[in-house]
Amino acid sequence: VQLQASGGGLVQDGYSLRLSCAAPGLTFSLYVMGWFRQAPGKEREFVASISRSGGRTDYGNSVKGRFTISRDNAKNTVYLQMNSLKPEDTAVYYCAADPTFSLTAVPDTADSYDYWGQGTQVTVSS
């Protein structure tokens, strides 16, 4: 399973970015998808997850109201729209996938996911 994250970069405080994670060759609709992030010296943190069909989502407390996760099963891609970015959002962002029979699962722990992308750096300057 190959997950290809992209869209990271350097932005100023208050700006927006959209991350993408493509999963070519995957039966994408069978996988719950998640985004996590890890800042230097910190543990990996849950950002957002989305159910197989996209009908359910969950967010970490620090990003609620600012970030939106979505998916396009026809394009095998999950997105993370990040608005009102803050310097504390600076981290490497990872997408993750987990095959599941559940139509409603939106796991928020890293060990719930079997597959991980390579990460994309997001840096927010003040």
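Scoring rules and cut-offs
Residues numbered from 1 in each chain as written. Predicted model: local features only at pLDDT ≥ 70, side-chain atom pairs only at ≥ 80, totals over all residues. Heavy atoms only, no water. Buried < 20%, exposed > 50% of the residue type's maximum accessible area, 1.4 Å probe, protein only. Helix = DSSP H or I, 4+ residues; strand = E, 2+ residues; numbered from the N terminus. Pairing = 2+ DSSP bridges. Phe/Tyr/Trp six-rings, centres within 6.5 Å; stacked < 30°, edge-to-face > 60°. Lys NZ or Arg CZ within 6 Å of the ring centre and 35° of its normal. Salt bridge = Lys/Arg side-chain N within 4 Å of Asp/Glu carboxyl O. Disulfide = S-S within 2.5 Å.

With that settled, consider the pairing of strand 8 (residues 77-82). For a regular strand, the rule is simple: side chains alternate between the two faces of the sheet. Here strand 8 lies mainly inside the structure; five of its six residues are buried. With six bridges joining them, strand 3 (residues 17-22) and strand 8 adopt antiparallel strand pairing. Bridge pairing in strand 8 links Ala-22 to Thr-77. In this structure, strand 7 (residues 67-72) lies alongside strand 8, joined through six bridges in antiparallel fashion.

We now examine the packing of aromatic side chains. One pass over the structure, following the stated rule, counts five aromatic pairs. An angle of 65 degrees between the planes, with centres 5.6 Å apart, marks the rings of Phe-36 and Phe-46 as edge-to-face. Taken together, the residues Phe-36 in strand 4 (residues 31-38) and Phe-46 in strand 5 (residues 45-50) connect sequence positions ten residues apart. Considered together, Phe-36 and Phe-46 belong to a single accessibility category, that of buried residues. Summarising the aromatic geometry, the rings of Tyr-113 and Trp-116 are spaced 6.3 Å apart at their centres and angled 65 degrees between planes, so their arrangement reads as edge-to-face. Overall, the relative accessible area of 4% leaves Tyr-113 in the buried class. Members of the aromatic cluster, each reached through a chain of ring pairs, are Phe-36, Phe-46, Tyr-113 and Trp-116. In this arrangement the basic side chain of Arg-44 is found over the ring face of Trp-116, its NZ or CZ atom lying 4.7 Å from the centre. Here Arg-71 stacks its cationic end above the ring of Phe-28, 4.5 Å away from the centre of that ring.

As a further point, take the pairing of strand 9 (residues 91-99). Of all nine residues making up strand 9, seven are buried, and the element is well covered by its neighbours. Pairing geometry for strand 4 and strand 9, over eight bridges, is antiparallel. Looking across to strand 9, one finds that Trp-35 is bridged to Cys-95. Of the pairings in the sheet, the one linking strand 9 to strand 11 (residues 120-125) comprises three bridges and is antiparallel in character. Along strand 11, the bridge assignment pairs Ala-91 with Val-122.

Right, let's talk about the pattern of salt bridges for a bit. Tallied over the full model, the rule gives three salt bridges. Close ionic contact of Arg-37 with Asp-89 constitutes a salt bridge, the shortest N to O distance being 2.8 Å. Here Arg-37, found in strand 4, pairs with Asp-89, found in the loop between strand 8 and strand 9; they are 52 residues apart in sequence, far enough to count as distant. Notably, a salt bridge pairs Arg-66 with Asp-89, separated by 2.7 Å at the nearest N-O pair. Here Arg-66, found in the loop between strand 6 (57-59) and strand 7, pairs with Asp-89, found in the loop between strand 8 and strand 9; they are 23 residues apart in sequence, far enough to count as distant. Connected through salt bridges with shared partners, the residues Arg-37, Glu-45, Arg-66 and Asp-89 form a single ionic network.

Here we come to the state of the cysteines. Under the definition given, this model contains one disulfide. The disulfide partner of Cys-21 is Cys-95, and the S-S distance across this bridge is 2.0 Å. Between Cys-21 and Cys-95 the sulfur-sulfur dihedral comes to about 55 degrees; the bridge is accordingly right-handed. Of this pair, Cys-21 sits in strand 3 while Cys-95 is found in strand 9, placing the two residues 74 residues apart along the sequence. Of the residues examined, Cys-21 reaches a relative accessible area of 0% and is grouped as buried.

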